Amino acid sequence: MHKSWWKITSVVLLVYTFIAGFLGNVPHLPLLQETIRNLYFHVCMWFAMMILFTVSVVNSIRYLRTFNIKYDIYARQYAVMGIVFGLLGYITGAIWASYTWADPNKAAANSFSTIARDPKLIGAAIALLVYFAYLILRDSIQDMDKKARIGAVYNIFAYAILFPSIWILPRILPSLHPGNEGNPALDVKNDISGSMRLVFYPAVIGWTLLGVWITTLKIRLQLLNEKKMSA
Amino acid sequence: MKIISKISLLFPALLLSLFGLAQGKPVQMADTMRSNGRIYVVVAVVLTILTGLILYVARLDRKISRLEKESN
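One numbering rule holds for all chains: residues counted from 1, following each sequence as written. Just so you know, chain letters begin at A and ligand numbers begin at 1, following the order they were written in. The model is predicted, so local features are restricted to residues of pLDDT at least 70 and side-chain atom pairs to those at 80 or more, both for listing and for counting; the totals for chains, interfaces and linings are taken over all residues. As a rule here, side-chain values come from all non-hydrogen atoms in the structure, and water together with hydrogens is ignored.

If you tally the helices and strands in chain B, you get 2 helices and 0 strands. Taken as a whole, chain B presents about 5,500 Å² of accessible surface, with 70% of it coming from carbon and sulfur. The helix count covers DSSP runs of H or I at least four residues long, the strand count covers runs of E at least two residues long, and both are numbered beginning at the N terminus. Each accessible area is a Shrake-Rupley estimate made with a 1.4 Å probe; only the visible protein chains count as cover when residues are assessed.

Structure, rendered in structure tokens:
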């Protein structure tokens, strides 16, 4: 394995997250109870997604500046990993919400249909669908250069859509999801205690690095494939 | 190398099954795995899954490194 120090960092931080995440002290809040520990898992998925999408769009811009096909492959694989984290964040959020926002007298699956109308969830769904469209668009074009160029331009639009759909619109509309008043999960006074931040920040870094690790594997495989095709 | 990583995966599984076997005893011993509502058992399970996944990714990494070396 080459350049493995950050891979080891990722593993160490994740092990720390899982141990401290379950055993550490958390504030006792009504309704949330022990589920507040989901902060180390559910919220980190979205942080990792945002970082991976950012890396993806940076690579798309690099492609458009240099027309080096390598950057197009980077951009695509980072976008895929971002989507994976986004889906995991969506699913874990669905489970969490079903047991904290939902009517306890109804089955969790029944109340999900009402929860799913929450603006934050719709915004996240739109963002993910826009990225699905990026994959479909890019992968359906046969010509290598055209594929890379159109894909890169679309990726920039997709990144731009992220901001209204997950950062701005859900904060304007009333929502059950925390964060309308400020920065969700980062607000020390209202949301989380200092001891939780000691786990939360390392968790974000650990999850993100794991995502980057898996992405680099896919990139290396793809580059090997390209090499084989051209040889 | 493969065998070693497989054995290392088996180890936590064996440990866990040992804890499972000891359940019938009436005497409560001062066992960390049994305190705090047995949350430590959950931690052990989750850590086992995490180790398994990380070992899998690390092995993939090594395999791809080998492929890269071959193609150069």
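So much for the structure itself; the text now carries on.
Let us look at the environment of A:Lys147. All names here are of chain A. Looking at the secondary structure, you find Lys-147 in helix H6 (residues 144–172). Given the relative accessible area of 15%, Lys-147 is considered buried. For the pair Lys-147 and Leu-137, spaced 10 residues apart in sequence, the C-alpha to C-alpha distance is 8.2 Å. Contacts: residue pairs with any heavy atoms within 4.5 Å of one another. Those residues in contact with Lys-147, other than ones at most four positions away along the chain, are Arg-138, Asp-139, Ile-141 and Gln-142. Partly exposed describes any residue whose relative accessible area lies between the buried limit of under 20% and the exposed limit of over 50%, with all areas from a 1.4 Å probe on protein chains only and scaled to the type maximum.

Before going further, it helps to spend a moment on the pattern of salt bridges. All names here are of chain A. For this document, the term salt bridge refers to a Lys or Arg side-chain nitrogen within 4 Å of an Asp or Glu carboxyl oxygen. Counting across every chain of the model gives 7 salt bridges over all chains. Residues Glu-34 and Arg-37 are paired through a salt bridge, measuring 2.8 Å at the closest nitrogen-oxygen approach. You can call Glu-34 exposed: its relative accessible area is 52%. Among the salt bridges present, the one from Arg-138 reaches Asp-139, with a minimum N-O distance of 2.9 Å. By relative accessible area, which is 7% here, Arg-138 ends up buried.

Next up on the list: the interface of chain A and chain B. Counting residues at the interface gives 18 residues for chain A, matched by 19 residues for chain B. Accessible surface is computed with a 1.4 Å probe, and the buried area is the amount of it that two parts give up when combined, taken over both parts together. Summed over both partners, the interface of chain A with chain B comes to about 1,700 Å²; 79% of that surface belongs to carbon and sulfur atoms. Summed over the shared surface of chain A and chain B, the result is 3 salt bridges. Note that B:Asp61 and A:Lys7 form a salt bridge whose closest N and O atoms lie 2.7 Å from each other. Here a polar contact means two N or O atoms within 3.5 Å. Within protein one must be a hydrogen donor candidate and the other an acceptor candidate, and residues neighboring in sequence count only if both atoms are side-chain atoms. Counting the contacts that link chain A with chain B gives 5 residue pairs in polar contact (both at pLDDT 80 or more). Listed by contribution, the elements that provide at least two residues to the side of chain A that touches chain B are helix H1 (5–23) and helix H7 (194–230) of chain A. By residue class, the composition of the side of chain A that touches chain B is 14 nonpolar, 1 polar and 3 charged. Side-chain classes are defined by residue name, with Ala, Val, Leu, Ile, Met, Phe, Trp, Tyr, Cys and Pro counting as nonpolar, Asp, Glu, Lys and Arg as charged, and the others, Gly among them, as polar.

Moving on to the packing of H7(A) against helix H2 (residues 39–71) of chain B. Lines are fitted to the C-alpha atoms to define the axes, a helix being fitted only along its stretch in contact, and any angle between axes, read from their N-to-C directions, falls within 0 to 180 degrees. Direction vectors running N to C along H7(A) and H2(B) enclose 25°, while the axes themselves pass 10 Å from each other. Judged on the interaxial angle alone, H2(B) and H7(A) are roughly parallel. Regarding H7(A) and H2(B), the two cross each other, and that crossing is left-handed. Of the residues in H2(B), those in contact with A:Leu210, A:Trp213, A:Ile214, A:Leu217, A:Arg220, A:Leu221, A:Leu224 and A:Lys227 of H7(A) are B:Ile54, B:Val57, B:Ala58, B:Leu60, B:Asp61, B:Ile64, B:Ser65, B:Leu67, B:Glu68 and B:Ser71. Across the contact of H7(A) with H2(B), the residue classes tally to 12 nonpolar, 2 polar and 4 charged. Each angle receives one of four descriptions, namely roughly parallel if under 35 degrees, roughly antiparallel if over 145, roughly perpendicular if within 65 to 115, and oblique otherwise. Definitions for this section: a left-handed crossing has its near helix turned counterclockwise from the far helix by less than a right angle. A right-handed crossing has that turn clockwise.

On to the layout of surface pockets, then. Residues are called lining when one of their atoms sits within 4 Å of a cavity or pocket point, these points coming from a 1 Å grid over the protein atoms alone, where a cavity is a set in which a 1.4 Å probe fits but cannot get out and a pocket is an open set with protein on both sides within 12 Å along at least five of seven lines. Grid points are joined across faces, edges and corners, and a volume is the space filled by probe spheres set on the points. Volume-wise, the second largest pocket comes out at about 590 Å³. As for the second largest pocket, its lining consists of 23 residues, of which A:Phe18, A:Met45, A:Leu88, A:Trp207 and B:Leu53 are closest to the centre. Secondary-structure elements contributing two or more residues to the lining of the second largest pocket are H1, helix H2 (42–66), helix H3 (69–100) and H7 of chain A together with H2 of chain B. For the lining of the second largest pocket, the class distribution of residues is 20 nonpolar, 3 polar and no charged.

Moving on, we come to the side chain of A:Ser56. Mapped onto the fold, A:Ser56 is located in helix H2. Once you skip the residues sitting within four places of it in the chain, A:Ser56 turns out to touch A:Ala75, A:Tyr78, A:Ala79 and A:Asn155.

With phi around 55°, A:Phe67 is a residue other than glycine that occupies positive phi space. Following the sequence through the fold, A:Phe67 ends up in the loop between H2 and H3.

Another point: the packing of aromatic side chains. All names here are of chain A. Two rings from Phe, Tyr or Trp (for Trp, the six-membered ring) form a pair when their centres sit within 6.5 Å of each other. Planes less than 30 degrees apart are called stacked, planes more than 60 degrees apart edge-to-face, and all others tilted. Taken as a whole, this structure holds 11 aromatic pairs over all chains when the rule is applied. Summarising the aromatic geometry, the rings of Tyr-159 and Phe-163 are spaced 5.3 Å apart at their centres and angled 75° between planes, so their arrangement reads as edge-to-face. One end of the pair, Tyr-159, and the other, Phe-163, are both in helix H6, 4 residues apart, so they sit about a helical turn from each other. Judged by its relative accessible area of 33%, Phe-163 falls in the partly exposed class. For the ring pair Phe-200 and Tyr-201, a centre distance of 5.7 Å and an interplane angle of 50° mean the geometry is tilted.

Before going further, it helps to spend a moment on the side chain of A:Thr208. Residues and elements named next belong to chain A. Position of Thr-208 among the secondary structure elements: in helix H7. Judged by its relative accessible area of 7%, Thr-208 is buried. Sequence-distant contacts of Thr-208, defined by excluding residues within four places in its chain, comprise Ala-48 and Ile-51.

What follows covers the confidence of the model for chain A. The score called pLDDT rates the predictor's confidence residue by residue, from a low of 0 to a high of 100. Per-residue confidence for chain A gives a mean pLDDT of 87; residues scoring 70 or more make up 90%. By mean pLDDT, the top-scoring element of chain A is H2(A) (95), and the lowest-scoring one is helix H4 (residues 108–115) of chain A (69).

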